[in-house]
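Each chain is listed here by its residues.
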Number of protein chains: 2
Amino acid sequence: MITTDLTKIAATLESLEETIISYLIDRGQYKSNPSAYTPGESSFPGYKDQSLFNIRLQMQEKMDAQFGRYYVPEERPFTTGLPDAERLVILPESPLRISNYNTINLTSEIIPMYFKIRDQICVEGDDGQYGSTVVIDILALQAISRRIHYGAFYVAESKFRSDEATYRKLINDKNQEELMRLLTRPEVEERILIRVGEKARHMQALSNKSVRTIIPEDSIIALYKDYIIPLTKKGELAYLLQR
Amino acid sequence: MITTDLTKIAATLESLEETIISYLIDRGQYKSNPSAYTPGESSFPGYKDQSLFNIRLQMQEKMDAQFGRYYVPEERPFTTGLPDAERLVILPESPLRISNYNTINLTSEIIPMYFKIRDQICVEGDDGQYGSTVVIDILALQAISRRIHYGAFYVAESKFRSDEATYRKLINDKNQEELMRLLTRPEVEERILIRVGEKARHMQALSNKSVRTIIPEDSIIALYKDYIIPLTKKGELAYLLQR
């Protein structure tokens, strides 16, 4: 949603939780499948130095770029050298003040942190289903990235507008420490962690444990606590410093 | 899972329910977006007579074909003219007895039925997010198709093996009515409908209704009752008749 109303922004961020959790639950249905991430094991001709995961990510993003995905601020690509959109994408006027969205692109940090979470939610081993595995990896990565960048752009712009004088001074002084303090609301963060843990447990409560792998709610809490929330704030800070 | 054990097959089918329901919940977060399905409104050059949905479906399946998706029996393509896989796909030996999986391909019936369900779960209107809309459409369609074709192939083969003499005679006699009677277990179907309704309600129970569209459990029950179960049985019958 395109808005600078912090309540609505928080609502959008909240709504993305179900999407992220359900992709991670999906990923948990496959084993860790290290082969899918090993360069040279894809058997794709012409991609000798890459893993199946990397090849799929590049091809998926090329297609998504043709469809105009990366005109949307919160959709930041993981790869480079992407083609222009082939279709006309008409977006509503943006309240953001940034000349190039890719100035704020945290995807290179998202991939390694996603791999750590993957290792917490997947049973170790090889089930041979590499194709499905990397499809779901990319869905999960895109959803996590959307959450982080949406927060980075819109939360930062909203906070800036709520107290322009204070923020302008801190930005001019490059006072990162004080900016980070203003961007941090421990009670909100605590509420998010409780909520995503509850959702992860609840969404799997009716699943038949003999056929579904149940992913631990702690892995979802850790994902938010250690990665999504800090990376979102890192993005907010970067957005403000360039504003 | 590759097996002819009916209990394990049922478990795999059960496990696919969460995946189907969660994609439909995702789709419900976007409006119906008729523009995405209208030929000529995609603004893609060279695709004047097609809708954005159709273009995406073709491009997605081309990519999936390169990754070897359609070597898997239950992954039947919605489009034709697809390229061969570029990677080596090694599958375990199949217990199925069919020379060409595409003999059983119900995708042309799945698309119109999916559109009916989409109209039940989406708020009517246009939110401009056509790109995301068609991405989720395709995920939902692929999951529904996987459920139907997995059932069609493996349930039919399993039942055949459980009473080979009876089935062989009915197949030779082309006795479709009696075959369909043997393939129908009303108490199992009833249990599935109750279960998917409960899952649909439960998976959304903690969602904040001010930010998430809650999709009616009745639409999920109707999807299974009117489409998924009958189409699976139609596929089972077709598989047996060619066996």
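Procedures and definitions
- Residues numbered from 1 in each chain as written.
- Chains lettered and ligands numbered in written order.
- Predicted model: local features only at pLDDT ≥ 70, side-chain atom pairs only at ≥ 80, totals over all residues.
- Heavy atoms only, no water.
- Helix = DSSP H or I, 4+ residues; strand = E, 2+ residues; numbered from the N terminus.
- Rg over C-alpha atoms; globule rule 2.2 N^0.38 Å.
- Buried < 20%, exposed > 50% of the residue type's maximum accessible area, 1.4 Å probe, protein only.
- Contact = heavy atoms within 4.5 Å.
- Areas by Shrake-Rupley, 256 points an atom, 1.4 Å probe, with all protein chains shown as cover.
- Polar contact = N/O pair within 3.5 Å; in protein donor to acceptor, adjacent residues only side chain to side chain.
- Expected span 1.5 Å × (residues − 1).
- Arc of directions from axis to C-beta.
- Axes fitted to C-alpha atoms, helices over the stretch in contact; angles between N-to-C directions.
- Parallel < 35°, antiparallel > 145°, perpendicular 65-115°, else oblique.
- Left-handed = near helix turned anticlockwise from the far one by under 90°.
- Nonpolar A, V, L, I, M, F, W, Y, C, P; charged D, E, K, R; others polar.
- Core = buried A, V, L, I, M, F, W, Y, C linked by side-chain atoms within 4.5 Å.
- Least-squares fit on C-alpha atoms with pLDDT ≥ 70 in both.
- Buried area = accessible area lost by both parts, 1.4 Å probe.
- Salt bridge = Lys/Arg side-chain N within 4 Å of Asp/Glu carboxyl O.

Enquirer: Give a description of the overall build of chain A that names residues and reports values.
Expert: The helix and strand inventory of chain A stands at 8 helices and 0 strands. For chain A, whose C-alpha radius of gyration is 19 Å, the value lies close to the compact-globule estimate of 18 Å for 243 residues. Each principal axis of the C-alpha distribution contributes one length, and for chain A these read about 55 × 40 × 30 Å. Taken across its 243 residues, chain A has 54% of its residues classed as buried. Of all intrachain contacts in chain A linking residues separated by at least 6 positions in sequence, the fraction that spans at least 24 positions is 75%. For chain A, the accessible surface area stands at approximately 10700 Å², while carbon and sulfur atoms represent 50% of it.

Enquirer: Tell me about unusual backbone geometry, residues and numbers included.
Expert: Residues and elements named next belong to chain A. For S43, which is not a glycine, the phi torsion comes out positive at approximately 60 degrees. Note on placement: S43 falls in the loop between α1 (6-28) and α2 (52-66). Judged by its relative accessible area of 37%, S43 is partly exposed.

Enquirer: Quick rundown of the environment of R146 of chain A? Include the residues and the values.
Expert: Residue and element names in this part refer to chain A. Along the chain, R146 turns up in helix α4 (residues 130-162). R146 gets classed as buried once you look at its relative accessible area, which sits at 17%. When the C-alpha atoms of R146 and R76 are compared, they prove to be 7.5 Å apart, with 70 residues separating the residues in sequence. Within the local environment of R146, its side chain forms a polar contact with the side chain of E75, the two groups lying 2.9 Å apart.

Enquirer: Describe in detail helix α7 (residues 186-203) of chain B, supporting the description with residues and values.
Expert: The terminal C-alpha atoms of α7 of chain B, which comprises 18 residues, lie 26 Å apart, in line with the 26 Å expected from a rise of 1.5 Å per residue. Of the positions making up α7 of chain B, those classed as buried are V188, E189, I192, L193, V196, G197, K199, A200 and M203 of chain B. Within α7 of chain B, the buried residues cover an arc of 165 degrees as seen down the axis, which keeps them to one side. Across from the buried face of α7 of chain B, at angles greater than 90 degrees, the exposed residues are P186 and R191 of chain B. Looking at the buried side of α7 of chain B, the elements it contacts are α7 (186-203) of chain A together with α1 (6-28), α4 (130-162) and α8 (217-242) of chain B.

Enquirer: With reference to specific residues and values, describe the packing of α4 of chain B against α8 of chain B.
Expert: All names here are of chain B. Put simply, α4 and α8 touch, their axes get as near as 8 Å, and they point 45 degrees apart. In terms of orientation, α4 lies oblique with respect to α8. With respect to the hand of their crossing, α4 and α8 are arranged in right-handed fashion. In this structure, α4 uses I144, R147, I148, G151, A152, F153, V155, A156, E157, K159 and F160 to contact α8, whose residues at the interface are L223, Y224, I228, L231, T232, G235, E236, Y239 and L240. Residues that form the contact of α4 with α8 fall into these classes: 13 nonpolar, 3 polar and 4 charged.

Enquirer: An account of the nonpolar core is needed here, citing residue identities and associated values.
Expert: In terms of nonpolar packing, the biggest core is built from 97 residues, with L24, F53 and I144 of chain A together with L24 and I144 of chain B touching the most fellow members. The residues contacting L24 of chain A, other than those within four sequence positions of it, are Y114, I121, A140, I215, I220 and L223 of chain A.

Enquirer: Describe the relation of the copies chain A and chain B, and please don't skip the residues or the numbers.
Expert: One copy of the chain maps onto the second through a rotation about an axis and a displacement along it. For these two chains of identical sequence, chain A goes onto chain B by a turn of 180 degrees and a shift of 0.0 Å along the axis, with RMSD 0.0 Å. Seen this way, the second copy is the image of the first under a two-fold rotation axis. Closest to the rotation axis within chain A is the C-alpha of M203 of chain A, separated from it by 2.4 Å. In this assembly, 100% of the residues forming the interface of chain A have copies in chain B that are likewise at the interface, indicating an isologous arrangement.

Enquirer: How would you summarise helix α3 (residues 107-121) of chain A if you had to cite specific residues and measurements?
Expert: Residues three or four positions apart in an α-helix share a direction because the helix packs 3.6 residues into each turn. Residues and elements named next belong to chain A. Between its terminal C-alpha atoms α3 stretches 21 Å, which fits the 21 Å expected from 15 residues at 1.5 Å a residue. Here α3 has its buried residues at T107, I110, I111, M113, Y114, F115, I117, R118 and I121. Where α3 is buried, its residues meet α1, α2, α4 and α8 (217-242).

Enquirer: Please give an account of the interface of chain A and chain B that cites residues and values.
Expert: Taken together, the 37 residues of chain A in the interface contact 37 residues of chain B. Summing both sides of the interface, chain A and chain B together bury roughly 3700 Å²; the carbon and sulfur share of this comes to 58%. For R56 of chain A, the salt bridge goes to D64 of chain B, with nearest N and O atoms at 2.7 Å. Taken together, the residues of the side of chain A that touches chain B break down into 16 nonpolar, 11 polar and 10 charged.

Enquirer: Outline the side chain of T79 of chain A, listing residues and values.
Expert: Residue and element names in this part refer to chain A. Assignment of secondary structure puts T79 in the loop between α2 and α3. A polar contact is formed between the side chain of T79 and the side chain of E61, at a distance of 2.7 Å. If we ignore the near neighbours within four places in the chain, the residues touching T79 are L57, Q58 and E61.

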